[in-house]
Amino acid sequence: MEVKPSKPDSNETYENFVYCKTYLVDGKLKSWSGKSSDVFSNIYTRNKDGEIKPTLLGSIPDMETEPALEALDSAVAAFNRGKGKWPTMRVGERIKCLEKFADKMKNYREEVVNLLMWEISKNKSDSYKEFDRTVDYIYDTIEAYKEIDRKSAKFEKQSGIYAHIRRGPLGVVLCLGPYNYPLNETFCLLIPAIIMGNTAIFKPAKHGVLLIAPLLKAFQESFPPGVVNILFGRGRKIATPIMKTGLIDVLALIGHSSSAVSLQDQHPNKNRLRLVLGLEAKNPGIILPDADLDHTIKECISGTLSYNGQRCTALKVLYVHESIVDEFNKQFAKAVDNLKLGMPWDDAFLTPLPEPTKPSYIQELIKDAIGKGAKVINNKGGQLTNNYSFPAILYPVTEDMKLYQEEQFGPVIPIIPYNEIDEPLDAMAASEYGQQVSLFGRDVSRLAPLVDTLANLVCRVNLNSACQRGPDVYPFTGRKNSAVSTLSVHDALRSFSIRTFLASKDTPSNNKILERLLSSEKSNFVSTDYLL
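Residues numbered from 1 in each chain as written. Predicted model: local features only at pLDDT ≥ 70, side-chain atom pairs only at ≥ 80, totals over all residues. Heavy atoms only, no water.

Caption draft 1: Expanded view of the nonpolar core. Ranked by internal contacts, the top residues of the largest apolar core, which has 107 residues, are Phe187, Ile201, Phe219, Phe223, Leu231 and Phe232. For this core, the element with the most residues is helix α5 (residues 124-152), which contributes nine residues. Each residue touching Phe232, except ones within four places of it in the same chain, is listed here: Cys20, Thr22, Tyr23, Ile60, Pro61, Asp62, Met63, Pro204, Val209, Ile212, Leu216 and Ile238. Cys300, Leu339, Leu341 and Tyr388 belong to the second largest nonpolar core, which has 28 residues in total. (Core = buried A, V, L, I, M, F, W, Y, C linked by side-chain atoms within 4.5 Å. Buried < 20%, exposed > 50% of the residue type's maximum accessible area, 1.4 Å probe, protein only. Helix = DSSP H or I, 4+ residues; strand = E, 2+ residues; numbered from the N terminus. Contact = heavy atoms within 4.5 Å.)

So, in structure tokens, the structure goes:
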């Protein structure tokens, strides 16, 4: 298998370097004069010396504890124990800030999409989709917040007590996003956090970091000082000292559970710490004897290998009934081998892996499985380049293999045959994860009891379709080690806020005060204004 290592132009070079030397703290774009880290793409091109090597894209600040604590002080001051300008601002004014940011963000579409392709090798159509979906998410969040506020623009009365119930912010948020959706999933944390009146410190992931640089000015121009603070560097140098202060109220992270646990352990007051976490998953596909194989294989290709399987929602293990497993394997292997590996800008389905160590990790999984009795059943499976391991289908996979135990997060697909349906169900029940499942079949008498059970093991059952996050208005969460709190347009606003209310006994004097409060419009909290 031969893959062209670079962008198809005459000199095979990259010229759109992004040397990021600024960071955002307290509403100021500050210059960084300390150490920097070079950012490389795992797409190979010809460097200035004529060598074919990973492509230098630019650099980012390699920040230490001091600027991290400076950003924390800024966020703490902006929240000011709930007295700050941002948490006490009228909902409509916060919405205007978000709208201003979204409008400015759209100006950087081409630049961000180009960096998505180069930094994390996301193909062209998916890169545009991620950008556009993120902008849509901001506007959808604004509309969802308006709806929440409209329902809150009233007084209720129970047992002689009036209540004006709204949602209030939690405080200071530390926001850490993932590399596989460095724009969309990061903003699915950051945007609901700040629109609810919280202040935030945001550190991009190791990969997919340069694409934040073009947006720094848009953040700076759209929000009051200290509301959004953006740092660059390694988590242990930035997130750890911030957590140790105990001043973080919400840890918002999409990544691995080990990182989440490690950061929680740094916080001196865990009962104070609210968690909003999207973690790993080992989503299974269960293929029943009567499944439509053509349709099922199409969905399993998408589920296992979209973005090379580097999605928490990817299908990471397939349970296939013994009566059809041979035919499924034959057709599935052929379909996988027909997939094209190429460059992101060519919109190839399979693209280079952004993590330099990932191909060798995939090879380790393959070697371990083969050593314990599995076989690679597709002809191209595991063929290696310097930045890719071609998707390998391994069969039969057993519990003692690393591929069974670990979330592979890459292009290797375990298939497990089963005879009784309790076999995959028992495996799911014993798993540390519980995000989603894909169920393929047509017989309602079989599907009905399965759906009833699966709904208690995971949080989304996908009927004859691959697992996925969207649409963003639907709940996105998981059981066990797969998630804490719920992320969706509607639910995320609740995850980053708490119900709080003004209570007043129904007395003539109190009622007059309430009337004066409302008519004076001096309180941003006490309001029955209807947002259009």
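This is not the end of the story, as more comes after the structure.
Caption draft 2: Focus on the pairing of strand β18 (residues 392-395). Residue alternation in β18 divides its side chains into two sets, Ala392 and Leu394 and Ile393 and Tyr395, and both sets are buried. Two strands pair when backbone bridges link them, and strand β15 (residues 375-376) and β18 are joined in this way by two bridges, in the antiparallel orientation. Within β18, the position partnered with Lys375 by the bridge is Tyr395. Inspection of the sheet shows β18 paired to strand β19 (residues 412-418) by three bridges, in the parallel sense. Residue pairing in the sheet places Ala392 in a bridge with Val412 of β19. (Pairing = 2+ DSSP bridges.)

Caption draft 3: Here's a closer look at the pattern of salt bridges. Evaluated as defined, the whole model comprises 25 salt bridges. Linking Arg469 and Glu185 is a salt bridge whose minimum nitrogen-to-oxygen distance equals 3.8 Å. A residue pair is termed long-range when its members are at least 10 positions apart, and Arg469 in the loop between β22 (460-463) and β23 (479-480) and Glu185 in helix α6 (residues 184-195) qualify at 284 residues. Its relative accessible area of 5% is what places Glu185 among the buried residues. Two residues, Lys358 and Glu355, come together in a salt bridge whose shortest N-O distance is 2.9 Å. Residue class for Lys358 comes out buried when judged on its relative accessible area of 8%. (Salt bridge = Lys/Arg side-chain N within 4 Å of Asp/Glu carboxyl O.)

Remember, this is a structural readout, not a statement about activity or role.
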